[in-house]
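So the chains spell out like this:
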Amino acid sequence: MAMTEKQLEEILAQYPSKVQKNRKKHVLVRNESADPQIIEANTRTIPGIITNRGCAYAGCKGVVVGPLKDMVHITHGPVGCAYYTWGTRRNKAKSEDPSKNFINYCFTTDMQESDIVFGGEKKLTKVIDDVMAIFKPNAISISATCPVGLIGDDLGAVAKKAEEKYGIQVLSFNCEGYKGVSQSAGHHIANNGLMEHVIGKGELEEAPAKFAINLLGEYNIGGDGWEVERILKEIGYHIVTVMTGDGKYEDLRNAHIAELNLVQCHRSINYIAEMLEIKYGTPWIKVNFVGVQSTIDTLRNIAEYFGDAALTQRTEEVIAKELARIESKLDQYKKLCEGKTAFCFVGGSRGHHFQGLFKELGIDTVLAGYEFAHRDDYEGRQVIPDIKLDADTKNIPDLHVEKDPERFKIKLSPERYEELKKKIPLGQYRGMNVEMKDGTVIVDDLNHFETEEFIKILKPDILASGIKDKYVIQKMGLPSKQLHSYDYSGPYAGFNGAVKFAEDITMSFSSPTWNFITPPWKDEPLLVGTVTEEEGVA
Amino acid sequence: MLDCTPKEIKERTGGGMINPAKTCQPIGAMYAALGIHKCLPHSHGSQGCCSFHRMHLTRHFRDPVMASTSSFTEGSSVFGGGANLKTAIKNVFSIYNPDVMAVHTTCLTETIGDDIPSIIRSAEVPEGKVVIHANTPSYQGSHVTGFSNMVKGMVSYFAEATEPIKKEQINVIPGFVNPADMREIKRMLNLMGAKYIMFPDTSGVVDSPMTGEFQMYPEGGTTVAQLKDTGNSKLSVALGRFASSDAAELLAKKCQVPVATLKTPIGIKATDAFLMVARRAFSKEIAAELELERGQLVDIMTDTHFHFHGKKVAIFGDSDIVTGVTEFVLSLGMKPVHVLTGTPGGAIGSSVGSFEEDIQEMLQQAGVAGNVKAGGDLFTFHQWIKNEPVDLIIGNTYGKYIARAEDIPLVRVGFPILDRSVHSYMPIVGYRGAMRLLEMISNALLDRQDRDALDEDFELVM
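Computed from a predicted structure; not experimentally measured.

S.K.: Residue-level account of the packing of helix H8 (residues 179–191) of chain B against helix H11 (residues 267–282) of chain B, with values.
M.R.: All names here are of chain B. Contact geometry for H8 and H11: axes closest at 11 Å, N-to-C directions at 45°. Taken as axis vectors, H8 and H11 run oblique relative to one another. Pair H8 / H11 crosses with right-handed handedness. Along the contact surface, H8 presents Ile185, Met188 and Leu189, while H11 presents Thr271, Phe274, Leu275 and Ala278. Counted by class, the contact of H8 with H11 contains 6 nonpolar, 1 polar and no charged residues.

Next up, the structure:
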C-alpha cells in the first residue's frame, strides 16, 4: 500500500505548529520522478517527543569501543550509564586467551555527590590502579558521561599519567551524552579516537597473507561478523581486523596493513574508511552482507577489486556451494512471506540493508528510516558537500589526517581506480532513497506518534524496529522483529543468516499465538435466540 | 566466563564498581511514575538516559514503557534546560495528552542545577493537568532511591488531609516490586475486606493484556483522586524500608497519617507481619482463605524441609528484596552465607538500623556466619563465592555470569530479569508468592541433583 502526500499532511497536521514544521522536513513520500529528494537528518530531537534515539555515550562506549574485548572499558560517571551498556548490545566475542577477554565485565567509577563537587579525577586514577592491579589488560578506555564534562574532569590528563605509570595505552573519550544530537556523535568521537591513537600503531608493515582486508562497521550482533568471516575466509581472504565486533585492540593497531576496507555500516564508520584511504592509501568499498543477493554482489565486488582469477573462481565456487545449500530452505519460507509488507526502521544502515532480505522473502518495505543517520545515508554520498554543519555537529571535534610518510602505499593505480569505480561501489554509497519504491515512506528519527499513525494507514504485516516500540506494535496485534538485538536470535548476515532470518520472520507470521487475541465470546452473543415460525402468521 | 576474576581478594581503593549490583535513580523514578494512572514519565536530561531506562524496563516487563525526554544538546547543558522542559511540557500535553506528567532529573540536570519547580511554574500546563517532579541525581543512592524519591513526589504534589476524621482506609506503598506483587498484596487486602489506596500501582500498566489495540495509558495505576485521598487515610503501610518509608514519613509530616514500616512481605514471617498490621488496623480477623494458604505453605515447608536444610545460598539484589528473601531462606533452614546489595544500605528517612545490621542480626539469630555488604558489587560477590562456594545463587539476571563461571544454579528474583519471561506476572510476596519461591528454589536444587547424579543414583521419587 502506498501513501499519498495528502495522507502524510493529515498525520503531521495533528502536531503543534512548530513540531509540524520541523517533522515535515524529516518525512518523505518517495517520488522517483522528483529525485533527488532532500530529507533533513542529524538534527536535534524535539523535546517531549518520544524518540528511539540514544546519546553520544551510547554510541561511543555502547556501540564502538565496548566490543573491543581485550581492553578494560571504564565508564567515568555515576553508575547507570555503565550498567545499561553492560553486555546489552549482543556484541558476541570469543578469545583464544580467556584471561584477556573482558566482554562480560562492567567497570564504572560510580561517582558520588562528593566527586561531582570536588571532581572525579582522583577517583578515576584510583580505579585505573585497581584495574591494573587485578586485571592487567592490554589497554584501557575511559568514556565520559554527562556530568563529567560539566565539572571539567580532564580525562586526557588522567589517561596520560596512567599510560606513563603502566606503559599501556589508556584512551579517553569525551563522549558526554549531551554531545551532538544522537548516538552518531559518539560513534564519531570513538572512531576518531581509535583512528588517532590505535590504528597504525602496530608493528606490522605488511600483511602476513594475500588479500588482506578489514571489515569496518560490523559489530557482530548475534554472531553476524562470524558468519561474514566464515565466508570470507573460505574464499581465501585474510581478515586483519573487524571494527569493532569481536574486535581486538591488538589487531586494530595493525589495521593499516589491509589492502581493502569493507564498509558494512556506512553511518558509523564511513569517515574512518576515508581517513584510512588518505593516510594509508587503502581504498574502501561499501558492502552489504544482509540478504543472499547482497552478499553475492558484495563477494563479487570484492573479488573484482582484487582482480585475481583464482580468487574470482573461488568466489564463484563458494557462492554456488552456499546457494545450493540454502536455496531449498529459503523456498519453503518464501511461500509464507510472499505478498506481505514491512516497516524497516533501525539505527544506522540496517534500515536499508534489511530491505533486500525482506524483498527476497517476498516482503515489500513500505516505510523505512534511520534513527541516527545523516543525509548521505538517505541521499547518497554526493550530498556530503551540501550538508550544512550546525552548531551541534560542530561540537564534535573533526579529525584531519594526512599521508603517513612511511606507511602510505598506493594499492590501486589512479586509472584502475577510475575503471573499478564504474563497476563496484568503490568509495561510494548511493544511499537508501534510490532503492525505495514510489509511494513508500521514508522517515528520519521515526517517533512513537508517527509509528502509530503510519501503521493505521499503511497496515504493514510486520515491523522491524527496536525494543522500545516492540511491545507497542505487538499490542496492536502485529508481529515485531527487533533488528538491533534480533530478539536474541541470529546471526542474520550472510547465507546462514538469511536462512535464520527467513525462519524467524516466518515464525512471526505463522505462530498460532496471534489467533487468540480475540476471545471466542467476543464473536458470539451470550443469548442465542431462535426464530420460531408461528402458524398462521405471514 | 569471568575468567579474569581472581580468587584472591585484594582491597580496592578506588571506590568504583566492577559489575555493579545497582543502577541509577532515574530508572526507579520512571518505573514509579508508571504507577500513576494516565501518567507519562518524563526524563529531564540527554535523551540517552530515557532511552536506556525505557530499554531496560521494557526488557524486564516485556510490555510498552512510554516516557518522553527533554533531549538535551550541548547548548542546553550550557544555558540550562528550562527552554527544553517548557517545550517538552507543551508538546507532551498536546501530542500524548496524559493527565499527569512526572518529571525526573538526571545527573546532567542535577549538576547544572536546573530548578524544576520554577520551570514547571512558568510552563504552559493545560487546565486540569498536572506536572509533578522528583530530583533523582544518579550520583546518590540507586534505582531504589529514585523510586522512593518519585513516590515522595506523589505525596508532596497530591496528598491532602481534607477530612476532619481519618477514613477507615490505609495507604499501602508496595515498594520497587513487580506488578504481580502489587496484585497479590491487593488480593490479600481484599480478602481481609480492607479498604486501601495502593501507590504507586503498576499492575495493569506494565502487565497489560493483549487486546489487539495499543493503549498509551492502560487501565492500571493509582488515580490522582486516590493520591489526593492518601492524606485522609488512618495509616500508611510502607513495605520495604528503602523504597517506601520516605514517602510514608513525608505523608505523616504533611497529613498526620501514622506509619507502619514493614519488610516487603516475602516469605512467611514478613507476610504474617503484614497481615497482622491489616488485622489491627481494621479490627478484622485474618480471612479464612489466607489462613488456609498459610497452612498450605507451612505444609509444603515441612514436607520439603530436607531439600533445603543446611544448603548454602548467596543472595544479591535490592535491599528490600534481599532482606525478605534472606528471612525466608532462613525460615527454610538454609544458610545465606553471602548477602549483598549494591545500593547504599544506611538508614534513610526516619527508620532505624541499616541493611548490614538487619541482615547480620537475622544471621546471628539463626547461627549462620556470613558475609554481608551494602554498596557492594558483583565482583566482590563472585570472589566471596570463589572462597566459600554455595549451592545456590538468588538474584537478578546479572548473576548468570557468576552462576555459569562457578557452575551454581541461579534462581532469578528481583530487578532486572532480562533473560526470562513471565516473572513479572507471578508474585513472590504473600503466602502464595512464598510457595512459588519455594518451588523455584527446590526445583533448582533438585534439577541440579538429577543432573549430577550417577545412573545408579538417579531416582524417580525424591
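S.K.: Tell me about the packing of aromatic side chains, and please be specific about residues and values.
M.R.: Centre distance and the angle of the planes are the two values used to describe a pair of aromatic rings. This model, assessed by the stated rule, comprises 31 aromatic pairs over all chains. Plain terms: the ring middles of Tyr105 of chain A and Phe135 of chain A are 5.5 Å apart, the flat faces sit at 75° to each other, and that makes the pair edge-to-face. Pair noted here: Tyr105 of chain A is in the loop between helix H4 (79–84) and strand E3 (107–108) and Phe135 of chain A is in the loop between helix H6 (121–134) and strand E4 (139–144), with a separation of 30 residues, a long-range link. Residue classification places Phe135 of chain A among the buried positions, given a relative accessible area of 5%. Put simply, the rings of Tyr57, Tyr83, Tyr84 and Trp86 of chain A together with Phe52, Tyr398 and Tyr401 of chain B touch in pairs and so form one group of aromatic residues. Across from the ring centre of Phe509 of chain A, 5.0 Å away, lies the NZ or CZ of Lys340 of chain A, which sits over that ring. If you follow Lys234 of chain B out to its NZ or CZ, it ends over the ring of Phe282 of chain B, 5.6 Å from the centre.

S.K.: Give a detailed account of a nonpolar patch on the surface, specifying residues and quantitative values.
M.R.: Side chains of Val422, Tyr425 and Met426 of chain B sit close together on the surface and give an oily, nonpolar patch of about 260 Å² of accessible area. Relative to the assigned elements, Val422 of chain B resides in the loop between strand E14 (410–412) and helix H17 (430–452).

S.K.: Tell me about the packing of helix H13 (residues 292–306) of chain A against helix H18 (residues 414–423) of chain A, and name the residues and values.
M.R.: All names here are of chain A. For the pair H13 and H18, interaxial distance at closest approach is 10 Å and the crossing angle is 165°. For the element pair H13 / H18, the angle class is roughly antiparallel. Here the hand of the crossing between H13 and H18 comes out right-handed. Of the residues in H18, those in contact with Asn301, Glu304 and Tyr305 of H13 are Arg416, Leu420 and Lys423.

Procedures and definitions
- Residues numbered from 1 in each chain as written.
- Chains lettered and ligands numbered in written order.
- Predicted model: local features only at pLDDT ≥ 70, side-chain atom pairs only at ≥ 80, totals over all residues.
- Heavy atoms only, no water.
- Axes fitted to C-alpha atoms, helices over the stretch in contact; angles between N-to-C directions.
- Helix = DSSP H or I, 4+ residues; strand = E, 2+ residues; numbered from the N terminus.
- Parallel < 35°, antiparallel > 145°, perpendicular 65-115°, else oblique.
- Left-handed = near helix turned anticlockwise from the far one by under 90°.
- Contact = heavy atoms within 4.5 Å.
- Nonpolar A, V, L, I, M, F, W, Y, C, P; charged D, E, K, R; others polar.
- Phe/Tyr/Trp six-rings, centres within 6.5 Å; stacked < 30°, edge-to-face > 60°.
- Buried < 20%, exposed > 50% of the residue type's maximum accessible area, 1.4 Å probe, protein only.
- Lys NZ or Arg CZ within 6 Å of the ring centre and 35° of its normal.
- Patch = residues over 30% accessible without salt bridge, like charges linked within 9 Å, V, L, I, M, F, W, Y side chains within 5 Å.
- Areas by Shrake-Rupley, 256 points an atom, 1.4 Å probe, with all protein chains shown as cover.
- Salt bridge = Lys/Arg side-chain N within 4 Å of Asp/Glu carboxyl O.

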